[in-house]
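# Observations on the three-dimensional arrangement
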Amino acid sequence: MSLSTGEFTSKKTLFQNVILDEDDMASDSDKALATQQSIKSYVSSITDTMVTTNNQSAVKHHIYTANPTNKVAPWINLGDPIDNVHNNNNIPGQTDSRFGSSVSLSSDGTILALGATDFSISGQSTTNQGTVFVYQYNGSSWVALGSPIDYVNNNSNISAQTGTSFGHSVSLSSDGTILAVGAILYNISSVIDTGIVFVYKYNGSDWVALGNSIDYVNNHDISAYQAQSRYGYSVSLSSDGTILAVGAAFYNIPDESLVNSGTVFVHQYNGSDWVALGSPIDYVHNNGIDAQITTIFGGSVSLSSDGTILAVGAQDFNILGQSSTTDQGTVFVYQYNGSSWVALGSP
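## So, the overall build of the protein
For the protein, the count of helices and strands is 4 helices and 19 strands. A total of 347 residues make up the protein; the buried ones form 47% of that total. Across the protein, every contact between residues at least 6 apart in sequence was considered, and the portion connecting residues at least 24 apart equals 49%. Summed over its atoms, the accessible surface of the protein is roughly 15800 Å², and 45% of this surface lies on carbon and sulfur atoms.

## Some points on the sheet that holds strand S15 (residues 274-276)
Strands belonging to one sheet form pairs held by backbone hydrogen bonds; the direction of such a pair is parallel or antiparallel. As summarised here, the arrangement of the 4 strands in space is S12-S13-S14-S15, forming an open sheet in which the pairing is antiparallel. Each having just a single partner strand, strand S12 (231-237) and S15 make up the two edges of the open sheet. Across the sheet, the mean angle separating the axes of adjacent strands is 35° when strand polarity is ignored.

## With respect to the pairing of strand S16 (residues 297-303)
Within S16, 5 of the 7 residues are buried, which leaves it mostly tucked inside the rest of the structure. With 5 bridges joining them, S16 and strand S17 (residues 309-314) adopt antiparallel strand pairing. Bridge pairing in S17 links Leu-303 to Leu-310. Hairpin connection from S16 to S17: 5 residues lie between these consecutive antiparallel strands, with Gly-307 at a positive phi of about 80°.

## Observations regarding the sheet that holds strand S10 (residues 196-202)
Strand order across the open sheet formed by 4 strands is S8-S9-S10-S11, with antiparallel pairing between neighbours. The open sheet is flanked by strand S8 (166-172) and strand S11 (207-209), the only strands paired with a single partner. Within the sheet, the average angular offset between the axes of one strand and its neighbour, ignoring direction, is 35°.

## Details of the pairing of strand S13 (residues 243-248)
With 6 of 6 residues buried, S13 lies mostly within the body of the structure. Of the two faces of S13, both are covered, the one formed by Ile-243, Ala-245 and Gly-247 as well as the one formed by Leu-244, Val-246 and Ala-248. Bridge count for S12 against S13 is 5 bridges, and the pairing is antiparallel. Across the sheet, the residue bridging to Ser-236 is Ala-245, located in S13. Linking S12 to S13, which pair antiparallel, is a turn of 5 residues; within it Gly-241 sits at a positive phi near 80°. For S13 and strand S14 (residues 263-269), the ladder comprises 6 bridges, and the chain directions are antiparallel. Counterpart to Ala-245 in the pairing with S14 is Val-266.

Parameters and conventions
- Residues numbered from 1 in each chain as written.
- Predicted model: local features only at pLDDT ≥ 70, side-chain atom pairs only at ≥ 80, totals over all residues.
- Heavy atoms only, no water.
- Helix = DSSP H or I, 4+ residues; strand = E, 2+ residues; numbered from the N terminus.
- Buried < 20%, exposed > 50% of the residue type's maximum accessible area, 1.4 Å probe, protein only.
- Contact = heavy atoms within 4.5 Å.
- Areas by Shrake-Rupley, 256 points an atom, 1.4 Å probe, with all protein chains shown as cover.
- Pairing = 2+ DSSP bridges.
- Axes fitted to C-alpha atoms, helices over the stretch in contact; angles between N-to-C directions.

Take a look at the structure:
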């Protein structure tokens, strides 16, 4: 929500001890402190924008609201900091659980998913499998929405593995009821760090599996797994949660000698399971660009609301024609044409 000039002028009296004009804050810290409460009340009343940040040293999450124009007030807390001890019925804290490794908000900002990639599942002989926690804002604080999520308790017949990094990536549907989770160090068929993705749906009381677990062999008819492909490095759901993009940032592009170029796979839920939506996407076959080693293509992905436009980050891609520097990074955008993904503009 933004302010018109008239609205800003009418509210300006609230900050007459702080603001010199519409663009400059007064340097007098005493004046700023004196009107801090007025600022908080004002910002709370006019804004509905929310963002998340991860304070890793405190291993807690903070939610803030603010004026999106960022002219008149700082960000203020939306509820207390979030952690798995105080917000999940006193689940014991764990050393180095990495709570907050990934985050995703629903469209209205009232539902929040958090990955804790090294959290150890209770009652398992292995450790550091990873867990995801979901919270809902009730108007004053963040409360657990369902039980903590892991692939042992929320999926059928899956055994725990050590250090799978479940929760490395998370993505919520627009209404916050469908959740995709990447586990990039999960081993499949004794192939290490292949990676896997799980999708869950909130049924009103808890999170249940939506379809089977997803990987590129069973869900894309690829013949063999690759070690350390790290499928699930990034995930993104369409608004309704039925289309899912998954980055495998260290996947080797077929028939290319340079390794770890990265690939993105897109899946669609057909009512019972996840099926391939078009062929795998890489910049060699979809853009006609020569392969480079370890470009981390698929390190980040983002789908449009309807799931037909896809942005892919390749953070270590060398910009063509720029030989003096390396690993500058590039973003590629694709559009689904009904049968395949085609480049939408130049990289």
